[in-house]
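The lines below spell out each chain.
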Amino acid sequence: MQTVTLKVKLLSPNKGKQEKMARMLETYRKACSWFLGQAEALNTTSRAKLNRETYHKACELFDLNRATLQCAILKALSAYRSYLSRTKNGKKSSLPKFDRIVPVMVRQDCYSIHQLPSGTWVIKFPVSSGRSQIAVPIATSRYHAKRLQDLAGGSCRQGSMEIWHGKDGEWYAAISLVYETHTNEPCGVIGVDFGIVKLAVLSNNIFFDGRQVRWRKERWVQRRIALQKAGRLSRVKKEAGRERKWMQYINHCISKRIVEVAKKEGKAIALENLLGIRERTKGSKKFNRMMSGWNFRELASFIEYKAALAGVPVIYVDPKETSRTCPKCGNASRYNRKAQGWFRCVKCGYQSDADRVGAVNIAARGLDALGA
């Protein structure tokens, strides 16, 4: 199973619907807070016990759909378990408080999505107890429309949904789509080496250059420094958010291309185990600053979930010495890589791009893991 989450904007609900949705959010927040207090009073993390002791009283107190009320129980228990876990580990912690509006979770069997004859997609969901529901149109991109067509055609099934009111005044929904995945038998392995100079290098000689990315990130760093000196801290936070979204877009593009290549060639993807990657790649102050802002794990996770949907296996291997080992004779030496970007084996004389050598060695370890 692979879950894909679609974040969509709800298109301008009328005043009456907005009031109902706002009331639902506030009631849900109060319900979560109340259930959290009850869990503490009963000293329980058991859903069955909390439900048995509090459910009927909650139905009288909160005007919510019964399934949504059950979701509030889960939300409260999750917060309480997290609190107990932190205190058990000796960490300083206080009991969570639902002071702010939290996204409302709607169970998968309590809402529906359908397409109007005009082509507009509409979500229908309950906002209070009883059977009354409201229908709200959603804004869809080409990607959203493709995923929703998968849902309508039976290629996936809908999971739970969350609804919230954004800081920009717009209403949003996050819809979970669950796909059944089938992994194809690979006829080989493509190794992927991550980096900063080159964002990713594949063992079949495909390079994702990082020069423009590094240039743009450095400009962002300089801009944030200038804004901090000027005391414009709110703008610094906004710029950081824009940079994160841009980096996420770049990771989506790279991961999509890598999975397309692997699927076309009928091969598995071998990725390096990213544990300790920042310690292994320490460099200058400027280099480390860029490293701290690049999310390698996000890129790996994007590759993993896109590969699952495409039926491409993903293998994680130990990257130790992959950039210093000769793929031709197997000699491993730090002298094989005297320059950052170039590999030359001191034993057999084999030469190539250093990152490509790392990708080739990762692919070889992936083949070993497959037993090929």
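Student: Describe the side chain of T68, naming the residues involved and giving the relevant values.
Tutor: By the secondary structure assignment, T68 is in helix α3 (residues 66-88). Ignoring anything within four residues of it in the chain, the contact list for T68 reads Y28, V104 and M105.

Student: Tell me about the sheet that holds strand β2 (residues 104-106), residues and numbers included.
Tutor: Strand order in this open sheet of seven strands is β2-β6-β7-β1-β5-β4-β3, and the pairing throughout is antiparallel. Strand pairing shows two members of the sheet lacking a second neighbour, β2 and β3 (112-115), which therefore form its edges. Between one strand and the next, the sheet's axes are offset by a mean angle of 35°, whatever the strand orientation. The sheet contacts of helix α4 (residues 142-153) involve β1 (2-10), β3, β4 (121-126), β5 (133-139), β6 (156-165) and β7 (171-179), and relative to β1 the element is tilted by about 120°.

Student: Please set out the sheet that holds strand β9 (residues 198-202) residue by residue, giving values where relevant.
Tutor: Overall, mixed pairing links the five strands, which are arranged β10-β9-β8-β11-β12 in an open sheet. Looking at which strands have only one partner, the edges of the open sheet turn out to be β10 (207-209) and β12 (314-317). Adjacent strand axes in the sheet meet at a mean angle of 20° when their direction is disregarded. Relative to β10, β9 runs antiparallel, the two sharing three bridges. Directly across from V201, in β10, lies its bridge partner F207. Sitting on the sheet, helix α6 (residues 233-265) is in contact with β8 (189-194), β9, β10 and β11 (268-272), with an inclination near 5° to β9.

The rules we used
- In every chain, residue numbers begin from 1 and rise along the written sequence.
- Restriction of local features to residues with pLDDT of at least 70 applies here, the model being predicted, together with a cutoff of 80 or more for giving and counting side-chain atom pairs; totals for whole chains, interfaces and linings are based on all residues.
- Water and hydrogen atoms were dropped before computing side-chain values, which therefore reflect all heavy atoms in the structure.
- Labels follow the DSSP assignment, with helices taken as runs of H or I lasting at least four residues and strands as runs of E lasting at least two, numbered in each case from the N terminus.
- In this analysis, two residues are considered to be in contact whenever any of their non-hydrogen atoms come within 4.5 Å of each other.
- A pair of strands is considered paired only if DSSP assigns at least 2 bridges between the two.
- Only C-alpha atoms enter the line fits that serve as axes; for helices the fit covers just the stretch in contact. Angles between N-to-C directions range over 0 to 180 degrees.

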